[in-house]
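# A look at the structure
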Amino acid sequence: MSTVIPTSQEPVTLPNEILEISISIAVKELDPTLVNEQFLKFSGIVPNEWELNQQPVVSKAGSQLVFKNGLSIVAQPRSLTFLEGMNDKTAEVVTVGKVASAFVEKLPNAQYNGVVVTPKCLIPLPDQNDGARKFITGTLLASGAWQDLGKAPVQAAVEFTYLLEGCQFNLKVNQATLQIPDRQAVSALLFAGNFNYSLNNPNPQERVSVAKQYIEAWQSDLDTFRGIVHEKFLAEQQPQTVFG
């Protein structure tokens, strides 16, 4: 995930977190060329007034469309992903769930096998140059000789798997950097979660209905994810949000 921080001679105020949400749908067979601007607008999946932010890629191997409102759609032969950054957006104006749900509704005969809701959260640590590494190796991992090997401090990532009500939830914690024009890169923690939902109902209509339920509950998944990150992992951490 990435964000754009404007160039300025003034101190930069960073957000407490940078959020991104994606919804991936597993499909047994999908022609990626179907996912093009004309079809999406003609079928009513996206509004006619939406404009592309860049030249679309449409091919049998895969298609990608990026709209000016921040929504991206990536189609591959067995999956379809809708992705949107949430910087400065309220949940009411985020379109990722509406568009993903509309796609499933407009193509009810496709064999949908699963839905994965993937929220990501980037936590800047501007006053802690090595803060992300220290959090992972010092807070999440036990100390030991394995940390003192080689010519540089060990780099680490951690993955957790939880069984929640109705789905499996995976969470990865990685070191990251936030690039800011004309300024030193900022250390950051990247939390990436995914809620995995299977679609096993043999009835196509019921399968579509259940898929839409999972998709349209993305905000609940996002709230659960943020609660886990902030209450279970960052409860004792107080990242600074301003640097000069």
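Scoring rules and cut-offs
- Residues numbered from 1 in each chain as written.
- Predicted model: local features only at pLDDT ≥ 70, side-chain atom pairs only at ≥ 80, totals over all residues.
- Heavy atoms only, no water.
- Helix = DSSP H or I, 4+ residues; strand = E, 2+ residues; numbered from the N terminus.
- Buried < 20%, exposed > 50% of the residue type's maximum accessible area, 1.4 Å probe, protein only.
- Contact = heavy atoms within 4.5 Å.
- Areas by Shrake-Rupley, 256 points an atom, 1.4 Å probe, with all protein chains shown as cover.
- Core = buried A, V, L, I, M, F, W, Y, C linked by side-chain atoms within 4.5 Å.
- Pairing = 2+ DSSP bridges.
- Axes fitted to C-alpha atoms, helices over the stretch in contact; angles between N-to-C directions.

### Looking at the overall build of the protein
If you tally the helices and strands in the protein, you get five helices and 10 strands. Expressed as a percentage of its 244 residues, the buried residues of the protein come to 43%. A separation threshold of at least 6 residues defines the contact pool for the protein, and within that pool the share at least 24 residues apart is 68%. Carbon and sulfur atoms provide 48% of the accessible area of the protein, an area that totals close to 13300 Å².

### Some words on the side chain of Ser22
Mapped onto the fold, Ser22 is located in strand β2 (residues 18–27). Judged by relative accessible area, Ser22 falls into the buried class, the value being 8%. What Ser22 contacts, discounting residues up to four positions off in sequence, is Thr81, Phe82, Leu83, Val116, Val117 and Thr118.

### Observations concerning the nonpolar core
Judged by nonpolar contacts, the single largest core of 58 residues is most densely connected at Leu189 and Phe191. With residues near it in sequence (within four places) discarded, Phe191 still touches Pro119, Lys120, Cys121, Ile123, Phe135, Leu171, Lys172, Val173, Phe225, Val229, Phe233 and Leu234. Of all hydrophobic cores here, the second largest spans eight residues; its members include Ile18, Leu122, Leu178 and Ala188.

### Brief notes about the sheet that holds strand β5 (residues 79–85)
In space, the eight strands of this open sheet follow the order β3-β4-β5-β2-β6-β9-β8-β7, with antiparallel pairing throughout. Every interior strand has two partners, whereas the edge strands, β3 (63–66) and β7 (157–164), have only one. For this sheet, the mean inter-axis angle between neighbouring strands, taken without regard to orientation, is 15°. Against the sheet, helix α3 (residues 131–140) contacts β7, β8 (167–178) and β9 (186–198), and its axis sits at roughly 60° relative to β9. Of the strands in this sheet, β2, β6 (112–124) and β9 are in contact with helix α4 (residues 204–216), which crosses β6 at around 5°.

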